[in-house]
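For reference, the chains in residue letters:
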Amino acid sequence: MYTEEQIEAWKKITQAVHDKGGIIFAQLWHAGRVGHSIDRKGNLPVSASSVAIQGKQHFTSQGTKDYEAPRTLTIEEIKQTIRDYRQAALNAIEAGFDGVELHAGNGYLPEQFLAESANQRKDQYGGSIENKSKFILEIMEELIEAVGGERVGIKISPLHSYADIVHENPTETYTYLISELNKLTFAFVELMRGNNPAFPRPSHYPDTDEITLLGSLVKTTLIANSGYTRETGEAELEKGIAKLISYGTLFLANPDLPKRFELNSEFNTVDKETMYGGREKGYTDYPFL
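In what follows, the accompanying structure is described. This structure is a prediction, so every number in the text was calculated from the model and none was measured.

About the criteria used
Residues numbered from 1 in each chain as written. Predicted model: local features only at pLDDT ≥ 70, side-chain atom pairs only at ≥ 80, totals over all residues. Heavy atoms only, no water. Helix = DSSP H or I, 4+ residues; strand = E, 2+ residues; numbered from the N terminus. Rg over C-alpha atoms; globule rule 2.2 N^0.38 Å. Buried < 20%, exposed > 50% of the residue type's maximum accessible area, 1.4 Å probe, protein only. Contact = heavy atoms within 4.5 Å. Core = buried A, V, L, I, M, F, W, Y, C linked by side-chain atoms within 4.5 Å. Pairing = 2+ DSSP bridges. Axes fitted to C-alpha atoms, helices over the stretch in contact; angles between N-to-C directions.

## Observations regarding the overall build of the chain
Now for step 1: Each helix and strand in the chain was counted, giving nine helices and 10 strands.
Now for step 2: Taken against the 2.2 N^0.38 rule, which gives 19 Å for 289 residues, the C-alpha radius of gyration of the chain at 19 Å falls within 12% of a compact globule.
Now for step 3: Seen through its principal axes, the chain has C-alpha atoms that stretch 55 × 45 × 40 Å.
Now for step 4: Residue burial in the chain is summarised as follows: out of 289 residues, 46% are buried.
Now for step 5: When contacts within the chain are restricted to residue pairs at least 6 apart in sequence, those whose partners lie at least 24 apart make up 65%.

Have a look at this one:
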């Protein structure tokens, strides 16, 4: 949602969704240190602090490369980035989206400010939980002011350790963040479970269900996310904490997922080799019933 060309291209997609009676939100996504200078015209990625992701590699246009130490954002650059999020939201609405979701999970830039493993700042955006939460909260305030709270959501992943993200006390951190979000008026919180075996929880993390632990604190509509099936999604809704279930991989491989749920039919098998890069294969060629 950065250029006029992107806005014009997205108009075709949002119109197609609306023509089918659908609703579409744009997920606003800043990778921060989860990037590489190879694909940034030689410029280093940026983050809360100059701390590189350890023990993993980034998939670049020139193959997998070790992560680089990012450049630390200045205060003015932080303020500009917040304004960039605001403009992206305005661009999304111009492109026909029904709303925007701030991606504040999965170890991307907003969570890099929130986590001690990525944020070593000593200024107003570092140190205390209150300071580390400020970046996310200020972005949310900008988005709500720009396009209206009914058009704004946020995604968080409190116990997901992707991209070398570790919180010293995730329960305390997210309890505070959610309590501050509760003071704002907006559409939903999407809470992603940390249930991916490829990213095991650090030993000091709570071994519990985060929908119950943290989702129950959310005052607005809660969307539960990650790894749900037809049956476990229904069971989650029966608990009464989450009002909606979001499906990612299962929907990618089954473009008619609601119909398959309705009929309790079999599912297509996802081709994970095509998931994070490439062309139309694996995105537009999964068969309908």
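## Some points on the environment of Leu-222
Now for step 1: Of note, Leu-222 is situated in strand β9 (residues 221-225).
Now for step 2: Residue classification places Leu-222 among the buried residues on the basis of a relative accessible area of 1%.
Now for step 3: Residues Leu-222 and Gly-32, 190 residues apart in the sequence, show an inter-C-alpha distance of 26 Å.

## Some thoughts on the environment of Gln-62
Now for step 1: Within the secondary structure layout, Gln-62 lies in the loop between β3 (57-60) and β4 (63-66).
Now for step 2: By relative accessible area, Gln-62 is classed as exposed at 55%.
Now for step 3: With 24 residues separating them along the chain, Gln-62 and Ile-38 place their C-alpha atoms 7.7 Å apart.

## Quick word on the nonpolar core
Now for step 1: The biggest cluster of nonpolar side chains holds 53 residues, and the ones touching the most others in it are Leu-102, Phe-135, Leu-143, Ile-154 and Ile-156.
Now for step 2: The biggest single contributor to this core is helix α4 (residues 129-147), with nine residues.
Now for step 3: Residues Ala-31, Val-34, Tyr-67 and Ala-163 belong to the second largest nonpolar core, which totals six residues.

## Details of the pairing of β9
Now for step 1: Burial within β9 is extensive, with four of its five residues counted as buried.
Now for step 2: With five bridges connecting them, strand β8 (residues 188-192) and β9 associate as parallel partners. For Glu-190, the partnering residue across the bridge sits in β9 and is Ile-223.
Now for step 3: Two strands pair when backbone bridges link them, and β9 and strand β10 (residues 244-246) are joined in this way by three bridges, in the parallel orientation.

## Here's the deal with the pairing of β4
Now for step 1: Judged from the four bridges that link them, β3 and β4 form a sheet pairing that is antiparallel. Residue Phe-59 lies in a different strand from β4, and its bridge partner there is Thr-64.
Now for step 2: Taking the residues that link successive antiparallel strands as the turn, the β3-β4 hairpin has two residues.

## A few points about the sheet that holds strand β7 (residues 152-156)
Within a sheet, neighbouring strands are paired by backbone hydrogen bonds and run either parallel or antiparallel to one another.
Now for step 1: In spatial order, the strands read β1-β6-β7-β8-β9-β10; together these six strands make up an open sheet with parallel pairing. Where the open sheet ends on each side, the last strands, each with one partner, are β1 (25-28) and β10. Pairwise comparison of adjacent strand axes, ignoring direction, gives a mean angle of 25° for this sheet.
Now for step 2: Relative to β7, strand β6 (residues 99-103) runs parallel, the two being bridged by four bridges. By the bridge assignment for β7, Glu-101 is matched with Gly-153.

It is worth stressing that arrangement in space is one thing and function is another; only the former is reported here.
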